[in-house]
Amino acid sequence: MADSVPGMAGPRVRFAPSPTGFLHVGSARTFIFNWLYARHNHGTMILRLDDTDVERNTQQSVDSIFEGLKWLGLNWDEEYKQSDRLDLHRKTAWAIFEKGLAYRDFTPAHAGDAEKSGAQGAWLFNPGARELSRAESDRRAASGEPFALRFRVPRHGEGYARTAWGQPPSAVRFAEGKLCVHFNDAVYGDQMKAADDIEDFALLRSDGMPTYHLASCADDVDLRISHVIRGQDHLTNTFKHVLIFEAAGAVSPQFAHLPLLIAPDGTKLSKRRHGPVVSVTTYRDAGFLPEAFINFLCLLGWSPKNDRENMSLQELQDAFSLEGINRSNAVVNFKESATSEPAAPPSGDVIPTAREASGRHLLFPSPLFASEETFDPKALWLNAEHIRALPVESLSERLLPIVRGEGWDVSPEKMLRITQLIRERIKLLRDVLTTADFFFVKQLPPYDAAELIPQKGDSAMALKVLTRAREVLANVEFRHDPLDHTLRAAAQELGLKAGQMFQPIRVAVCGRKNAPPLFETLEVLGKETTLERVASAIAKLQQGVN
């Protein structure tokens, strides 16, 4: 397969979202695949907003698209808005009309007699409008009668069909005794559809606005798009598009349609049905790294030749090809309960912090706080792998604004020390708020005093350990080796195993058993905080309260 059309330095591809909602993960994957193909083949990546649907477009959706793409961090080379190009669209439509390949339809909304086809009885065209003479059409248009401009799809048995469309390399040719529209897809192979099953689709609406089909193709021709890489749901549209390209005197681009993303129940992944879990910003706000999210989306419908999974952006760029795209739909294994409606924010539209929301047990207090269990396990695994692969300095820089966003004042230096202790323990960036919270709070939240009791011990043993720990820690330098030596010596002095000494101290200073290595933790917490928390734990044991 050629990487570019003749006379072009490299492939020219486009991502053309419609701003009618937030940036869908499927749309993000389409952008990524286009970007990878362009960069792999030293081509041009174009962003084009298909914003001619004025009734559904919103500025909020435009902002969401750019917000999501900015987070992905993948640049583009050229940018256009379809609404700025309406004159081009209309010019293309009327050029097709002048060739006799389009006609005015004055029939309101398919009223009256209509030609239908096949067992499904789908509307095809209004015979009276299609057969109207040019002179009569011009007269009625000049009188101000409203009309839509429709494409004159070639029909089997019409005398001009063989001469007007049948010349190689026409997309319209006879096969199996029928006049058919053909195109080749880089993923799904040769595609064919009987012309008699394609309706005379509109190019211009009665208000003069171009339809999606016309605007998309006119822009693709003008922008010299060589490869159209888009979702499989556009596969059936392509039969109309190759007709427009040919009628406009242009060579059709190479098409490559991507398999659909589907939910665990087999339904197509959709904004309306599945909610925030299909939004790119949900992954961003939950704490995914953009490079890990890109890695995950690439594996939904594409695979490298050696079946690798954990790949850097450069590795993805080097390995990407259209040949690696699969035909089978790809399942995003989020939890089905994630499809429930997100909870409404508190009055005044004030979004709670993670700490305020943590006790509510809501799957979506807001998209910002989607729980870890919501997401595809492979996405979480990849994110954890990418987190561990980051230089600790880079990871610390990404964690710092999350921590400060919760109102915790922590210095970059302290954050770096904490990051070294937790990088192997987090799957999402926001896990820092639950994995390392005891480093940031002034006072630990309540915990069960029974957690202080060491294995094969009792409250008396825990109290003895913490009392001795408070004594020896008051006089030791808070660095790893002195802490290690001092606490091990204290355990030996008390006739205890090291683990029996360390567990009560760990729970006293962290509020839980599962925490980073003890000596490094004490080093970061510092002597003053450590002694205060040990004293509180002693008081808890003495009072016998939780």
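Bear in mind the structure is a predicted one, so any value in this text is a computation, not a measurement. (Residues numbered from 1 in each chain as written. Predicted model: local features only at pLDDT ≥ 70, side-chain atom pairs only at ≥ 80, totals over all residues. Heavy atoms only, no water.)

Q: So what exactly am I meant to see when it comes to the overall build of the protein chain here?
A: In terms of regular secondary structure, the protein chain is built from 23 helices and 15 strands. Buried residues in the protein chain amount to 52% of all 546 residues. Here the contacts in the protein chain between residues at least 6 apart in sequence split such that 73% fall between residues at least 24 apart. Accessible surface for the protein chain amounts to roughly 25100 Å². Of this, 49% is attributable to carbon and sulfur atoms. (Helix = DSSP H or I, 4+ residues; strand = E, 2+ residues; numbered from the N terminus. Buried < 20%, exposed > 50% of the residue type's maximum accessible area, 1.4 Å probe, protein only. Contact = heavy atoms within 4.5 Å. Areas by Shrake-Rupley, 256 points an atom, 1.4 Å probe, with all protein chains shown as cover.)

Q: What am I meant to see in the sheet that holds strand 11 (residues 202–204) here?
A: Each strand in a sheet pairs with its neighbour through backbone hydrogen bonds, running either in the same direction (parallel) or in the opposite one (antiparallel). One open sheet accounts for three strands, arranged 4-7-11; its pairing is antiparallel. Two strands bound the open sheet, and with one partner strand each, they are strand 4 (102–105) and strand 11. Adjacent strand axes in the sheet meet at a mean angle of 40°, parallel and antiparallel pairs treated alike. Note: strand 4 against strand 7 (residues 148–151), four bridges, orientation antiparallel. Its bridge partner being in strand 7, Tyr103 is matched across the sheet by Arg150. (Pairing = 2+ DSSP bridges. Axes fitted to C-alpha atoms, helices over the stretch in contact; angles between N-to-C directions.)

Q: Where do I start with the side chain of Gln500 in this structure?
A: Following the sequence through the fold, Gln500 ends up in helix 21 (residues 498–510). At a separation of 3.0 Å, a polar atom in the side chain of Gln500 contacts the main-chain carbonyl oxygen of Gln455. Setting aside residues up to four positions removed in sequence, Gln500 forms contacts with Pro454, Gln455, Lys456, Met461 and Val465. (Polar contact = N/O pair within 3.5 Å; in protein donor to acceptor, adjacent residues only side chain to side chain.)

Q: Please clarify how the pattern of salt bridges should be interpreted in this entry.
A: Oppositely charged side chains are able to pair whenever their charged atoms sit close together. Considering all chains together, one arrives at 34 salt bridges under this definition. As a salt-bridge pair, Glu67 and Arg284 come within 2.6 Å of each other at their nearest N and O atoms. Here Glu67 is found in helix 2 (residues 59–72), whereas its partner Arg284 is found in helix 10 (residues 280–286), with 217 residues between them in sequence. Residue classification places Glu67 among the partly exposed residues on the basis of a relative accessible area of 36%. The partly exposed category is assigned to Arg284, whose relative accessible area is 26%. A cluster of three or more residues bridged by salt bridges with shared partners is formed by Arg14, Arg48, Asp50, Arg85, Asp219, Asp220 and Asp222. (Salt bridge = Lys/Arg side-chain N within 4 Å of Asp/Glu carboxyl O.)

Q: Looking at this structure, how should I read helix 7 (residues 212–222)?
A: Residues lying three or four places apart along an α-helix face the same way, a consequence of the helix completing one turn every 3.6 residues. For helix 7, a buried count of eight out of eleven residues is recorded, marking the element as mostly surrounded by other parts of the structure. Of all the positions in helix 7, only His213, Leu214, Ala215, Ser216, Cys217, Ala218, Asp219 and Asp220 are classed as buried. Elements in contact with the buried residues of helix 7: strand 1 (12–15), strand 2 (44–49), helix 3 (86–98), strand 11, strand 12 (227–231) and helix 8 (237–247). Looking one or two residues past helix 7, Arg224 carries a phi angle of roughly 60°, positive in sign.

Q: What's the story with the side chain of His257 in this structure? I'm lost.
A: Summarising the element assignment, His257 is placed in strand 13 (residues 254–258). According to the relative accessible area criterion, His257 is buried, its value standing at 0%. Of note is the side chain of His257, whose polar atom sits 2.6 Å from the side chain of Asp185. In terms of polar contacts, His257 uses its side chain to reach the side chain of Arg230, at 3.2 Å.

Q: Explain the packing of helix 19 (residues 459–473) against helix 23 (residues 527–543) here, please?
A: Here helix 19 crosses helix 23 at 155°, and the two axes come no closer than 10 Å. As judged from the angle between their axes, helix 19 and helix 23 are roughly antiparallel. Every pair of crossing elements has a handedness; the one defined by helix 19 and helix 23 is left-handed. In contact with Ser459, Ala462, Leu463, Leu466, Thr467, Arg470 and Leu473 of helix 19, helix 23 contributes Lys527, Thr530, Leu531, Val534, Ala535, Ala537, Ile538, Leu541 and Gln542. Here the residues of the contact of helix 19 with helix 23 are counted per class, giving ten nonpolar, four polar and two charged. (Parallel < 35°, antiparallel > 145°, perpendicular 65-115°, else oblique. Left-handed = near helix turned anticlockwise from the far one by under 90°. Nonpolar A, V, L, I, M, F, W, Y, C, P; charged D, E, K, R; others polar.)

Q: Any chance you could explain the pairing of strand 8 (residues 172–175) here in plain terms?
A: On a regular strand, one side chain projects to one face of the sheet and the next to the other, so that they alternate. For strand 8 and strand 9 (residues 178–185), the ladder comprises four bridges, and the chain directions are antiparallel. Across the sheet, residue Phe174 finds its bridge partner in strand 9, namely Leu179. Counting the residues between successive antiparallel strands, the hairpin from strand 8 to strand 9 contains two residues, one of them, Glu176, with a positive phi of roughly 55°.

Q: Whenever I open this one, the packing of helix 20 (residues 480–494) against helix 21 confuses me. Can you help?
A: A pair of packed helices can be characterised by two numbers: the angle between their axes and the separation between those axes. As a packed pair, helix 20 and helix 21 sit with axes 8 Å apart at the nearest point and diverge in direction by 115°. Crossing of helix 20 against helix 21: the hand is right-handed. Counted together, Leu487, Arg488, Ala490, Ala491 and Leu494 of helix 20 and Ala498, Met501, Phe502 and Ile505 of helix 21 form the full contact between these two elements.

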